[in-house]
Amino acid sequence: MEALLKKELGTSMLKATGHAGGGCISEGQSYDTDNGRVFVKINHKSQARQMFDGEMASLEAIVSTNTVRVPKPMKVIDLDFGGAVFVMEHVDMRSLTKYAAELGERLADLHLYNKRQMDKQNREEQSIGKGSGQTATPVIDKFGFHVITCCGYIPQVNDWQDDWVKFFSQQRLQHQLSLVEESYGDREVRELWSQLQLKIPQLFADVEVVPALLHGDLWGGNIAECSDGPIVFDPASFYGHSEFELGIAGMFGGFGGTFYNAYHKKIPKTPGFEKRQKLYQLFHFLNHWNHFGTGYRGSSLRIMKDLVK
């Protein structure tokens, strides 16, 4: 693998630094090269290329907004014996403490970025003779993403849709529930879903959902800080409802009151927020069930029962 990395990165030096990392999906290792230090994620599964291509597109999309910092992506490389590696900027990171409020502000800026681009384009279109109404970054008016992204190792259905409720119901919840059905054939879940899908539109009555670029998997293990501010990583991006982002953030800890206060100063809660948070957490509990097994069945059922009351 090291010979392949040297060739693909155009470096004569490739020295492992001792900075290793990784989670339950991929391994990671930092290397010094002729052009500086890089971080390399390694995965030997057959679907690794698709997973890393989605992560690279996610990082590129977030970088283009100039809102919240992420590691700069460099290259996805196929391995000779299956799998792939993903090369990105190495960043020295530590646990988020000092910059929690700034992360809240910057995440809100990420979520507002597309709406601000929309507003700018509309202003330009209304100003006769002042610009073409074209912003530097394309305005997105649908829900989805231009490539497949993976939340964990499960590919997400990112086909573009005009309607958020349909997108989330069909391409997030229904997709996860189909995988649960394939693996477990769970009758109770099936019956609850037949009731819940009828209730979901009511949770969005009088709520305007503008497509927002999301990190997509923002739990406490995917946030940190470096010397000059907060950083997020391991995204599974798509354009969706900004509230979706906070679903998993509230499940496993790592986000304190200063983060939420700073975020909600820029994006205030709207009526029904708490119930929609449960709906968004349901997606993540189902995704964890599909990744890690029936330990997450109880949490999934509890939320479904609560939402169909």
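Only a predicted model underlies this, so the values are computations on that prediction, with no experimental measurement involved. (Residues numbered from 1 in each chain as written. Predicted model: local features only at pLDDT ≥ 70, side-chain atom pairs only at ≥ 80, totals over all residues. Heavy atoms only, no water.)

Trainee: A description of the overall build of the protein should follow, citing residues and the corresponding values.
Mentor: Along the backbone of the protein there are nine helices and 11 strands. Considered along the principal axes of its C-alpha atoms, the protein spans approximately 60 × 60 × 35 Å. Residue burial in the protein is summarised as follows: out of 309 residues, 52% are buried. Partitioning the intrachain contacts of the protein with sequence separation of at least 6 by distance along the chain shows that 63% fall at a separation of at least 24. Carbon and sulfur atoms form 50% of the exposed surface of the protein, whose accessible area is close to 14,700 Å². The averaged location of the 37 negative side-chain charges in the protein is 4 Å from the averaged location of its 34 positive side-chain charges. (Helix = DSSP H or I, 4+ residues; strand = E, 2+ residues; numbered from the N terminus. Buried < 20%, exposed > 50% of the residue type's maximum accessible area, 1.4 Å probe, protein only. Contact = heavy atoms within 4.5 Å. Areas by Shrake-Rupley, 256 points an atom, 1.4 Å probe, with all protein chains shown as cover. Lys, Arg positive; Asp, Glu negative; His and termini not counted. Charge placed at Lys NZ, Arg CZ, Asp CG, Glu CD.)

Trainee: Lay out the layout of surface pockets with the relevant residues and their values.
Mentor: By volume, the second largest pocket is sized at about 420 Å³. Along the wall of the second largest pocket there are 24 residues; nearest its centre are Glu208, His241, Ser242, Ile267 and Thr270. Those elements that place two or more of their residues in the lining of the second largest pocket are helix 3 (100-126) and helix 7 (257-266). Tallying contributions element by element places helix 3 first for the lining of the second largest pocket, with three residues. Tallied by class, residues from the lining of the second largest pocket come to 13 nonpolar, six polar and five charged. (1 Å grid on protein atoms, 1.4 Å probe; cavity = no way out; pocket = protein on both sides within 12 Å on 5 of 7 lines; lining within 4 Å. Points joined across faces, edges and corners; volume = space filled by probe spheres on them. Nonpolar A, V, L, I, M, F, W, Y, C, P; charged D, E, K, R; others polar.)

Trainee: Which residues make up the nonpolar core, and what values do they have?
Mentor: Counting residues in hydrophobic clusters, the biggest one holds 75 residues, and the most contacted among them are Trp164, Leu173 and Phe204. In this structure, this core is formed jointly by two domains, domain 1 (11-89) and domain 2 (99-128 + 136-308), each of which donates at least three residues. Leave out the neighbours within four places in its chain, and Leu173 touches Phe168, Trp193, Ile200, Leu279, Leu282, Phe283 and Leu286. Within the second largest apolar cluster, 12 residues are counted, among which are Leu4, Leu9, Val38 and Val85. (Core = buried A, V, L, I, M, F, W, Y, C linked by side-chain atoms within 4.5 Å. Domains from an automatic or database assignment.)

Trainee: How would you summarise the domain arrangement of the protein if you had to cite specific residues and measurements?
Mentor: What the domain assignment reports for the protein is domain 1 (11-89) and domain 2 (99-128 + 136-308). Distance between the C-alpha centres of domain 1 and domain 2: 24 Å. The partner domain 2 presents 29 residues to the 20 residues of domain 1 that form the contact. Where domain 1 abuts domain 2, roughly 2,000 Å² becomes buried across the two surfaces, and 71% of that area is made up of carbon and sulfur atoms. On the domain 1 side of the contact with domain 2, Thr67, Val68 and Arg69 bury the most area, a combined 27% of that side's loss. Linking domain 1 with domain 2 are two salt bridges. For Lys41, the salt bridge is made with Asp234, and the minimal N-O distance between the two is 2.9 Å. (Buried area = accessible area lost by both parts, 1.4 Å probe. Salt bridge = Lys/Arg side-chain N within 4 Å of Asp/Glu carboxyl O.)

Trainee: Got a sec to walk through the packing of aromatic side chains? Specific residues and values, please.
Mentor: Any two aromatic rings considered together are summarised by their centre-to-centre distance and by the angle between their planes. For the coordinates displayed, the defined rule picks out 22 aromatic pairs. On the basis of an interplanar angle of 20° and a centroid distance of 5.6 Å, the ring pair of Trp164 and Phe167 is categorised as stacked. Of the two residues, Trp164 and Phe167 are both situated in helix 4 (residues 164-184); the distance of three residues between them amounts to about one turn of the helix. For Phe167, a relative accessible area of 0% translates into the label buried. On the basis of an interplanar angle of 10° and a centroid distance of 6.5 Å, the ring pair of Trp164 and Phe238 is categorised as stacked. With Trp164 in helix 4 and Phe238 in strand 11 (residues 238-240), this pair connects stretches of sequence that are 74 residues apart. The exposure class assigned to Trp164 is buried, which follows from its relative accessible area of 3%. Feature note: the residues Phe143, Trp164, Phe167, Phe168, Phe204, Phe238, Phe244, Tyr280 and Phe283 constitute an aromatic cluster, connected by ring pairs. In this structure, Lys45 is placed above the aromatic ring of Tyr153, and the distance from its NZ or CZ to the ring centre is 5.5 Å. The residue whose ring lies beneath Arg276 is Phe204, and the NZ or CZ to ring-centre distance is 6.0 Å. (Phe/Tyr/Trp six-rings, centres within 6.5 Å; stacked < 30°, edge-to-face > 60°. Lys NZ or Arg CZ within 6 Å of the ring centre and 35° of its normal.)

Trainee: Before we move on, can you summarise the pattern of salt bridges with the specific residues and values?
Mentor: On inspection of all chains with the given rule, the structure shows 23 salt bridges. Note that Lys142 is salt-bridged to Asp162, the shortest N-O span being 2.6 Å. Remark: Asp162 occurs in the loop between strand 7 (154-155) and helix 4 and Lys142 occurs in the loop between helix 3 and strand 6 (150-151); sequence separation between them is 20 residues. Its relative accessible area of 31% is what places Lys142 among the partly exposed residues. One salt-bridge network, in which partners are shared between bridges, spans Asp186, Glu188, Arg297 and Lys305.

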